[in-house]
Amino acid sequence: MIKRENKVALITGINGQDGSYLAELLLEKGYEVWGTVKRNSVAENQTARLDAVYDKIKLEYADLTDLASLVRVVAKVQPDELYNLAAQSHVRISFDQPLYTANATGIGTLNVLEAVRLVSPKTKIYQASSSEMFGNSIDDDRFQRETTPLNPVSPYGCAKVFAYNISRNYRNSYKMFVSNGILFNHESPRRGTNFVTNKVCKEAVKIKLGLSNELKLGNLEATRDWGHAKDYVYAMWLILQQEQPDDFVCSTGISHSVQDLCEYVFGKLELDWKQYIKQDEKFLRPEELHDLKGDCSKLVNATGWKHEYTFETMLDEMIEYWISYYKKSKY
């Protein structure tokens, strides 16, 4: 590892929700921040989440399915820390694109590990694992934790289980510093609008402003443990500051249903959600994941991490974002 004045971090998928918040956090901590982006035919919107820090970071084109591109970037950057956040990350879409999801989310992680092993083996790696790995496995106390059996119910969850296990394998086989953060759902105004939280917030605001009159959703009874991405990227950083690599659940320990989400958001806008919500089969998964609620006591005990946002303050921020967005655009 090259001796440098400041730590150097490489973030795959830096232009995503988590990547953008993590880039801001690491810059605040004095890091030199590099990131990979996948080539997109519409480049203008590709780095929109990074506007606030665009001139302070360094970007390289790479793709998790292209090992050569990862070797090139890792060899060039020689990062102290690598945060592997890139993936095909939409669970419902993973049923439509199972092979691509397996390649990008599963084999892509192996490519990252192999690139680091070959050209920068002292780099500390954070692997973005997911609560979707648990599937419908729940401990007797209704929580999921590091010891809960992994039984995924989607191609995305299956790919993440492979990524999780191959990360542990490289840690044990090659004595590499590889830690898994098993993050439960985390949201923000930067969340893609095809994810249910931001979809609900955006459409509810549009309905309030007379720009829409209906919102189509899938399973309203599914429950999730929702936190804020800004809190969770801080946990990612803390995980790589530990003396030894390990695996940690990151969660709030509180779950809400999609119906709870709708009731709160529409209620905040003084609307009756029942008048506008319609269930649409195309948003249902072939195999449903019913309940997620995480026990993050291992992470808290090891690092002192705690979440600052509540379910309600997270949604308030998202609602305010969309109100401001549409007011600026004058509809």
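Right above here is the structure, for reference.
Residues numbered from 1 in each chain as written. Predicted model: local features only at pLDDT ≥ 70, side-chain atom pairs only at ≥ 80, totals over all residues. Heavy atoms only, no water.

## Notes on the pairing of strand β2 (residues 32-37)
Counting buried positions along β2 yields five of six residues, so the element is predominantly enclosed. The pairing of strand β1 (residues 8-12) with β2 spans five bridges and is parallel. Directly across from L10, in β2, lies its bridge partner W34. Direction of pairing for β2 relative to strand β3 (residues 58-61): parallel, over a ladder of four bridges. If you follow G35 over to β3, its bridge partner there is L59. (Buried < 20%, exposed > 50% of the residue type's maximum accessible area, 1.4 Å probe, protein only. Helix = DSSP H or I, 4+ residues; strand = E, 2+ residues; numbered from the N terminus. Pairing = 2+ DSSP bridges.)

## Some thoughts on unusual backbone geometry
With phi around 75°, R142 is a residue other than glycine that occupies positive phi space. Summarising the element assignment, R142 is placed in the loop between β5 (124-130) and α5 (155-174). One non-glycine residue, E270, adopts positive backbone phi at about 60°. Overall, E270 belongs to the exposed group, its relative accessible area being 71%.

## A look at the environment of Q88
Mapped onto the elements of the fold, Q88 is located in the loop between β4 (81-84) and α3 (91-96). For the pair Q88 and A104, spaced 16 residues apart in the sequence, the C-alpha separation amounts to 6.2 Å. Aside from chain neighbours lying at most four places away, what touches Q88 is I93, S94, Y100, T101, A104, T105 and Y156. Within the structure, Q88 has its side chain in polar contact with the backbone nitrogen of H90 (distance 2.9 Å). (Contact = heavy atoms within 4.5 Å. Polar contact = N/O pair within 3.5 Å; in protein donor to acceptor, adjacent residues only side chain to side chain.)

## Structural notes on the environment of L315
Inspection of the secondary structure assignment puts L315 in helix α10 (residues 311-328). Through-space distance from the C-alpha of L315 to that of G253 is 17 Å; in sequence the pair is 62 residues apart. Ignoring any residue separated from it by four or fewer positions in sequence, one finds L315 in contact with C201, L261, Y264 and V265.

## What about the side chain of R191?
Here R191 is to be found in the loop between β7 (186-187) and α6 (196-208). A polar contact of 2.8 Å, which involves the side chain of R191, links it to the side chain of E187. If sequence neighbours within four positions are ignored, R191 has contacts with Q17, R49, H186, T197 and N198.

## Examining the nonpolar core
Grouped together as the largest cluster of nonpolar side chains are 44 residues, with contacts concentrated most on I11, L22, L26, Y83 and Y126. The set of elements that each furnish at least two residues to this core consists of β1, α1 (17-28), β2, β5, α5, β6 (178-183), α7 (229-240) and β11 (247-250). The element contributing the most residues to this core is α7, with nine residues. Beyond its immediate sequence surroundings of up to four residues, L22 is in contact with I11, Y83, L85, V233 and M236. In terms of nonpolar packing, the next biggest core, distinct from the first, is built from 28 residues, V205, L215, C262 and M314 among them. (Core = buried A, V, L, I, M, F, W, Y, C linked by side-chain atoms within 4.5 Å.)

## Overview of the pattern of salt bridges
The tally for this structure, following the rule as stated, stands at 16 salt bridges. The shortest N-O distance in the salt bridge between K298 and D246 comes to 3.0 Å. Here the residue K298 occupies a position in helix α9 (residues 297-303), and D246 occupies one in the loop between α7 and β11, the gap between them amounting to 52 residues. Taken together, the shared-partner salt bridges in this structure form one network comprising D139, D141, R145 and D295. (Salt bridge = Lys/Arg side-chain N within 4 Å of Asp/Glu carboxyl O.)

## Looking at the packing of helix α8 (residues 258-268) against α10
With their axes 11 Å apart at the nearest point, α8 and α10 run at an angle of 50° to one another. In this view, α8 runs oblique relative to α10, as classed from their interaxial angle. In terms of crossing hand, the pair formed by α8 and α10 is right-handed. Across from L261, Y264, V265 and K268 in α8, the residues of α10 making contact are F311, E312, L315, D316 and I319. In terms of residue class, the contact of α8 with α10 is made up of six nonpolar, no polar and three charged. (Axes fitted to C-alpha atoms, helices over the stretch in contact; angles between N-to-C directions. Parallel < 35°, antiparallel > 145°, perpendicular 65-115°, else oblique. Left-handed = near helix turned anticlockwise from the far one by under 90°. Nonpolar A, V, L, I, M, F, W, Y, C, P; charged D, E, K, R; others polar.)

## Brief notes about α8
If you check which residues of α8 are buried, you get V258, L261, C262, V265 and F266. Down the axis of α8, the sector holding all buried residues measures 110°, keeping them to one side. Lining the buried residues of α8 we find α6, β8 (215-217), β12 (256-257), β13 (277-279) and α10. E270 sits one or two residues past α8 and shows a positive phi near 60°. (Arc of directions from axis to C-beta.)

## Thoughts on the packing of α1 against α7
Where α1 contacts α7, the axes come no closer than 9 Å and their chain directions differ by 60°. Like other packed secondary-structure pairs, α1 and α7 cross with a definite hand, here right-handed. Across from Q17, D18, Y21, L22, L25 and L26 in α1, the residues of α7 making contact are A229, K230, V233, Y234, M236 and W237. Split into classes, the residues belonging to the contact of α1 with α7 amount to nine nonpolar, one polar and two charged.

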